[in-house]
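# Summary of the model geometry
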Amino acid sequence: MLQKSMQEEGFDKGTSSPANFGISDHSYWYLLKLKNLQAKSLELMLEVDWALMEEIICYEVSDSNKIEIHYAIGRTEQHDKWEIPFRNPVLQLDLDAKESKTYLIKLSSRHFFITPINLYTAKAFDGYKDNNYLLIGLFYGMILVMVFYHLFLYFSIGDMAYL
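What you see is a predicted model; the values in this text were computed from it and never measured. (Residues numbered from 1 in each chain as written. Predicted model: local features only at pLDDT ≥ 70, side-chain atom pairs only at ≥ 80, totals over all residues. Heavy atoms only, no water.)

Okay, the overall build of the protein chain next. When its secondary structure is counted, the protein chain shows two helices and nine strands. Listing each helix as α and each strand as β along the protein chain from the N terminus yields α-β-β-β-β-β-β-β-β-β-α. Out of the 163 residues in the protein chain, the part that is buried amounts to 32%. In the structure as shown, the protein chain presents an accessible area of about 10,900 Å², 58% of it carried by carbon and sulfur atoms. (Helix = DSSP H or I, 4+ residues; strand = E, 2+ residues; numbered from the N terminus. Buried < 20%, exposed > 50% of the residue type's maximum accessible area, 1.4 Å probe, protein only. Areas by Shrake-Rupley, 256 points an atom, 1.4 Å probe, with all protein chains shown as cover.)

Before going further, it helps to examine the packing of aromatic side chains. Taken as a whole and judged by the stated rule, the model has nine aromatic pairs. A ring pair is formed by F86 and Y128, whose centres lie 5.9 Å apart and whose planes are at 55°; its orientation type is tilted. With F86 in the loop between β5 (67-73) and β6 (90-95) and Y128 in helix α2 (residues 122-157), the pair connects residues that are 42 residues apart, well separated along the chain. Given the relative accessible area of 0%, F86 is considered buried. The rings of F86, Y120, F125, Y128 and Y133 are connected pair by pair, giving a single aromatic cluster. (Phe/Tyr/Trp six-rings, centres within 6.5 Å; stacked < 30°, edge-to-face > 60°.)

Here we come to the sheet that holds strand β9 (residues 117-121). Strands in a sheet are paired, the pairing made by backbone hydrogen bonds, and the direction either parallel or antiparallel. The three strands lie next to each other as β6-β3-β9, forming an open sheet whose pairing is antiparallel. Edge positions in the open sheet fall to β6 and β9, since each of these has one partner strand only. In this sheet, adjacent strand axes meet at a mean angle of 25° when their direction is disregarded. The sheet strands contacting α2 are β3 (42-48), β6 and β9, and the helix crosses β9 at an angle near 115°. (Pairing = 2+ DSSP bridges. Axes fitted to C-alpha atoms, helices over the stretch in contact; angles between N-to-C directions. Contact = heavy atoms within 4.5 Å.)

See the structure below:
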């Protein structure tokens, strides 16, 4: 029933990865069906790799087609109130053993609309997050080294070009 109503409402399978809608003030919906085939529970992290996303609302669809808000996040909410502290919005999705869940995800933005959505296990996301912070730290470290290098050259030579 839900599948039929989604097709009637214009849900189409995406053809590009990541989905790119240009500058748009529309909302876009994504259907995510997850199935845990393991005998233990599974903790997944869904990252929307676009920090300019205004609003992300994740709805959980039950077996009886009842829709409930699972989580709402986005740029309009203070970053320190996000469930998972990261530079991009991240939603936590939990699946029990042998469980299937369906999620509807609403994305809204008034800026350039690109939606690279990544799904990680909790362990893989921790590694991704650590590598991400390491690269950002290296970038800022190199900038700091260059600032001190130019200050050293300025005080050594006295040429204003190094400021």
